[in-house]
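If you want the building blocks of each chain, they are given just below.
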Amino acid sequence: MASLKIDSNSIVGIVGAGIMGRGIAQVAAKAGHQVILYDNWDGAVGNAMKINEKELSRLVEKGKITQENKDKTISLMKPTMQINDLAPCDLIIEAIIENKEIKQDIFKQLEDICENVVIASNTSSISISALANGLKKPENIIGIHFFNPAPIMKLVEIIYGLQSDRKIIDDVYNLISSWGKKAVYVKSSPGFIVNRIARPFYAEALRIYEEGVSNFATIDESIRTSGKFRMGPFELMDLIGNDTNYSVTQSTFDSYYQDPRFKPSLTQQEFYQAGLLGRKSGKGFYTYEERDQLGRDDTNVVKASNHKISVIYVYGSLGVADELIPLFKKAGVKVIQNDGSGYIEFNDIKLFLTNGKMASEISQELHEKNIVQFDINIDYELTSSITIATSLLAQEHVSENVAALFEKIGKKTLEVKDSPALITARTIAMLVNEASSTVTNSVCDENSVDIAMENGVNYPIGPFKWLNKLGVGSIITILDNLEVFYKDTRYRADRGLLEKNIIDRFN
Ligand SMILES: NC(=O)c1ccc[n+]([C@@H]2O[C@H](COP(=O)([O-])OP(=O)(O)OC[C@H]3O[C@@H](n4cnc5c(N)ncnc54)[C@H](O)[C@@H]3O)[C@@H](O)[C@H]2O)c1
């Protein structure tokens, strides 16, 4: 019996020449493999070859590859509609319809056709252990999860099921890395890494909107600027499509036995059912006309008052927001620092970095009306805006005076209705919590989480880097306060974070 050959000389088969299959074929051929591209639908392979040819020509025009590279890549891809043509393959990557029974049926055929082959599924949501069930060689079944568009997105999740052979997983990891991709090891589990950890990015934004805290544009701008995300959650959902995004959330929710952490949104369901899918239907949370995204500028920016602010008092540490102090000094504001519980005071206003409580709750605790909270920022120096929430009890002009303070350091002030953890702190705390839970469940390690989120969904920094920046104590405080406020176990802190906190406090 021939042995498995997973190396640069492997013949790669692709089953399904749709969006993903054709892109994966291009990636493998670019890496120098002979690729056999199979689809059972008349037209699919021809279409796939045409698109690949067009994409490669564009790369030649841009000077990214030579004409010779292009010709060689094209010559290495052999389209076919005969499944038996896959016989010589060493590695087959399946990218057909997302249906367990149909995929298994193909796998059984492939086991008969190929003498010795590793069969990988590009599935986004089906268990690799389940796909291997009932096959002759369950140890040869793995997941290789590319992201769309496969030739561009760097991340590839290498997924092992309960019966997958560890040596095969290691060989495939090395092979995919040699294709210039960022490979990560993942234990088969619903949503794998990216589709699981990314859920709160959309879900918290939808909840914040549903609670009337703010509109789409303000939530998007707030997260974009303070978290340096390329896109806010609503514009990203419009890009992905509300149908796809809703169905991934729904299937993750069901896979985790209706854990409230993954609860889908009625708002998104309504958009999806209305056919307001986003860019592809011309209307979703925004309206799309040619290259315009209408509604994007509908942000709630506070107009700064004329109030003169020459001195502020800083009591205690502001945590990550201590970065603001040199900025105020540079802007000519006198900063007087004292011990205290961590806030800025000027006139009769107290300004706190959010800790997951509402500004109004702090008003109640301190018996003071003019309490304002502001959101976390990845970089207070570079950010263009700071988001605030003002106590329900605050007097008039408090927001405008805070806007005058931030204007001194060149920042625009976005305001949302008073709400626990505002926008970015709430979203990041939940992303970090899900990341921690993924590691607690032994799905992957911390480093893989950050690689996955930075390369699979282009987060500027991964959740564990955020955790390092904010500190585990702050994240747990935000989650605990959210859990108390909402009386919802959705916000329960993961045990991995609790363990880190114990160690942190001991040291
Ligand atoms: N589209 C994405 O963004 C994305 C991202 C990651 C993973 N995935 C996963 O990749 C897989 C493919 O998704 P896609 O978006 O490329 O789908 P697609 O609809 O674009 O392409 C599927 C192709 O498979 C072919 N096909 C269907 N049944 C077949 C069969 N029995 N035999 C041979 N060919 C068959 C179809 O003719 C079609 O050409 C799915 O499992 C999906 O979950 C999709």
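Keep in mind it's a predicted model, so treat the numbers as computed, not measured.

> So what's going on with empty space enclosed by the protein? Which residues, and what values?
Per the stated rule, a full pass over the model turns up two cavities of 30 Å³ or more. Here the largest cavity defines a volume of roughly 60 Å³. Around the largest cavity sit R199, Y202, A203, L206, N245, T249, K263, P264, S265 and Q268, which together line it. At the level of secondary structure, the elements contributing two or more residues to the lining of the largest cavity comprise α8 (199-210) and α11 (242-255). In terms of residue count, α8 provides more of the lining of the largest cavity than any other element does, four residues in total.

> Just give me the short version of the domain arrangement of the protein chain, but keep the residues and values in it.
Assigned domains within the protein chain: domain 1 (12-188), domain 2 (196-288), domain 3 (311-416) and domain 4 (428-446 + 461-506). Of note, the centres of domain 1 and domain 2, computed from C-alpha atoms alone, are 30 Å apart.

> Quick one: what's the story with the sheet that holds strand β11 (residues 311-315), residue by residue and with numbers?
Spatially, β12-β11-β13-β14-β15-β16-β17 is the arrangement adopted by the seven strands of the open sheet, whose pairing is mixed. Each having just a single partner strand, β12 (334-338) and β17 (412-416) make up the two edges of the open sheet. The average undirected angle you get between the axes of adjacent strands in this sheet is 30°. This element, helix α9 (residues 216-227), spans β16 (385-390) and β17 of the sheet and lies at about 130° to β17. Along the sheet, helix α14 (residues 359-366) contacts β14 (349-353), β15 (371-374) and β16; its crossing angle with β15, the most-contacted strand, is approximately 140°.

> So, the site of the ligand: which residues are in play, and what are the values?
If you check the shell around the ligand, you find 23 residues, and the closest are I19, M20, D39, E98 and K103. Between the ligand and I19, the relevant distance is 3.0 Å, taken from an oxygen atom to a main-chain nitrogen or oxygen of the residue. Protein chains shield 75% of the accessible area of the ligand, which is 830 Å² for the free molecule. Taken together, the elements giving at least two residues each to the shell around the ligand come down to α1 (19-30), α4 (100-113) and β6 (141-146). Of the residues forming the shell around the ligand, the biggest block, three residues, is contributed by α4.

What counts, and at which threshold
- Residues numbered from 1 in each chain as written.
- Predicted model: local features only at pLDDT ≥ 70, side-chain atom pairs only at ≥ 80, totals over all residues.
- Heavy atoms only, no water.
- 1 Å grid on protein atoms, 1.4 Å probe; cavity = no way out; pocket = protein on both sides within 12 Å on 5 of 7 lines; lining within 4 Å.
- Points joined across faces, edges and corners; volume = space filled by probe spheres on them.
- Helix = DSSP H or I, 4+ residues; strand = E, 2+ residues; numbered from the N terminus.
- Domains from an automatic or database assignment.
- Pairing = 2+ DSSP bridges.
- Axes fitted to C-alpha atoms, helices over the stretch in contact; angles between N-to-C directions.
- Contact = heavy atoms within 4.5 Å.
- Near = heavy atom within 4 Å.
- Polar contact = N/O pair within 3.5 Å; in protein donor to acceptor, adjacent residues only side chain to side chain.
- Areas by Shrake-Rupley, 256 points an atom, 1.4 Å probe, with all protein chains shown as cover.

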